[in-house]
Amino acid sequence: MADPSRTFIPTLYYRDPIAAIRWLEQAFGFELNALVTDNQGRVGHSEMSYRGAVLSVHPEFSSPELLGPAQLKSPLSLAGASNQFVRVAVESDIDAHCERAREAGARITAEPADQFYGERIYRALDPEGHIWVFAQPTQTLTFEEMEKATGLKFATSLDEVGS
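All chains use their own residue numbering, which begins from 1 and follows the written sequence. In keeping with the model being predicted, local features are shown solely for residues with a pLDDT of at least 70 and side-chain atom pairs are shown and tallied solely at 80 or more, while totals for entire chains, interfaces and linings include all residues. The side-chain quantities take in all heavy atoms of the structure and omit both hydrogens and water.

1. Topic: the overall build of the protein chain
Move 1: The helix and strand tally for the protein chain stands at 4 helices and 10 strands.
Move 2: Helix numbering and strand numbering both begin at the N terminus, where a helix is a DSSP run of H or I of at least 4 residues and a strand a DSSP run of E of at least 2. The order of α-helices and β-strands along the protein chain, N terminus first, is β-α-β-β-β-β-α-β-β-α-β-β-β-α.
Move 3: Oriented by its inertia axes, the alpha-carbon framework of the protein chain measures out at about 60 × 40 × 40 Å.
Move 4: Split into buried and exposed, the 163 residues of the protein chain put 33% on the buried side.
Move 5: By definition in these notes, contact holds between two residues if any of their heavy atoms fall within 4.5 Å. A separation of at least 24 residues holds for 52% of the contacts in the protein chain among residues at least 6 apart in sequence. Burial classification: accessible surface area is computed with a 1.4 Å probe over protein chains only, and a residue below 20% of its type maximum counts as buried, one above 50% as exposed, and the rest as partly exposed.

2. Section: the nonpolar core
Move 1: Counting 26 residues, the largest nonpolar core has Leu-24, Phe-28, Phe-30, Val-57, Tyr-122, Trp-132 and Phe-134 as its most contacted members.
Move 2: If one sorts the elements of this core by residue count, helix H1 (residues 17–28) sits on top with 6 residues.
Move 3: Aside from chain neighbours lying at most four places away, what touches Leu-24 is Tyr-14, Gly-29, Phe-30, Met-48, Leu-55, Val-57 and Trp-132. Each nonpolar core is a collection of buried residues, namely Ala, Val, Leu, Ile, Met, Phe, Trp, Tyr and Cys, held together in the definition by side-chain atoms within 4.5 Å.

3. Points about the environment of Leu-12
Move 1: Mapped onto the fold, Leu-12 is located in strand E1 (residues 11–14).
Move 2: Among the residues examined, Leu-12 registers a relative accessible area of 1% and is labelled buried.
Move 3: Spatially, the C-alpha atoms of Leu-12 and Glu-60 are 8.8 Å apart, while their sequence positions differ by 48 residues.
Move 4: Contacts of Leu-12, omitting those with residues within four sequence positions, involve Leu-55, Ser-56, Val-57, His-58, Gln-84, Val-86, His-130 and Trp-132.

4. Side note on the pattern of salt bridges
Move 1: The term salt bridge refers to a side-chain nitrogen of Lys or Arg lying within 4 Å of a carboxyl oxygen of Asp or Glu. Under the definition given, this model contains 8 salt bridges.
Move 2: Between Arg-51 and Glu-91 there is a salt bridge; the shortest N-O distance is 3.8 Å. In this pair, Arg-51 sits in the loop between strand E3 (43–50) and strand E4 (53–59) while Glu-91 sits in the loop between strand E7 (86–89) and helix H3 (94–103), placing the two residues 40 residues apart along the sequence.
Move 3: Judged by relative accessible area, Glu-91 falls into the exposed class, the value being 61%.
Move 4: Put simply, Glu-99 and Arg-102 hold a salt bridge, and the shortest N to O gap is 3.1 Å. Of this pair, Glu-99 and Arg-102 both sit in helix H3, separated by 3 residues, roughly a single helical turn.
Move 5: Residue classification places Arg-102 among the partly exposed residues on the basis of a relative accessible area of 30%.
Move 6: Salt bridges here are not isolated pairs; linked through shared partners, they connect Asp-95, Asp-114 and Arg-120.

5. Quick notes on the sheet that holds E4
Move 1: In spatial order, the strands read E1-E4-E3-E2; together these 4 strands make up an open sheet with mixed pairing. Looking at strand neighbours, the two that pair on one side only are E1 and strand E2 (31–37), the edges of this open sheet. With direction set aside, neighbouring strand axes in the sheet form an average angle of 20°.
Move 2: Here E3 pairs with E4 via 3 bridges, running antiparallel. Directly across from Ser-49, in E4, lies its bridge partner Val-54. By the convention used here, strands pair only if DSSP detects at least 2 bridges between them. Axes here mean lines fitted to C-alpha atoms, for a helix over just the part in contact, with angles spanning 0 to 180 degrees between N-to-C directions.

As structure tokens, this is what we get:
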């Protein structure tokens with residue numbers, strides 16, 4: 001049976017992946033599971049974990065034969081542009097987690113706040129501009145309760161909302 005923690009492995013690209021690995025350990029409490037380097041110390045592959053989930057940190061990468069015109073870049077190399085964020089579930093004390101990240105140099109873009117869907121979240125940027133969202137469950141709500149609170153429609157299939 002396949003390991004469910006490896007179903008999806010987000011991979012983030014950094015100009016300086018070694019510095020990023022150190023920072024992610026310090027700021028967010030991630031743990032390094034594997035690091036593959038060449039004989040010059042350049043990162044070829046890495047895996048980190050948090051609460052059993054896996055994340056990869058890699059150097060920027062460009063290879064027309066493998067990627068076509070695509071390039072895998074840090075937001076720092078893209079004038080801060082990003083097309084994704086990583087969402088991480090925090091088990092407890094999200095406010096302390098936020099302070100730890102702030103003390104390590106994270107730019108907190110949204111302070112911890114309770115959300116209508118039953119989570120307390122904060123948002124942060126790492127030193128190279130990757131967006132991180134940390135969420136701690138505060139209560140379990142049904143779709144009906146969230147619809148009543150927001151006026152939004154919640155569904156589990158496209159058939160339920162029409163198109």
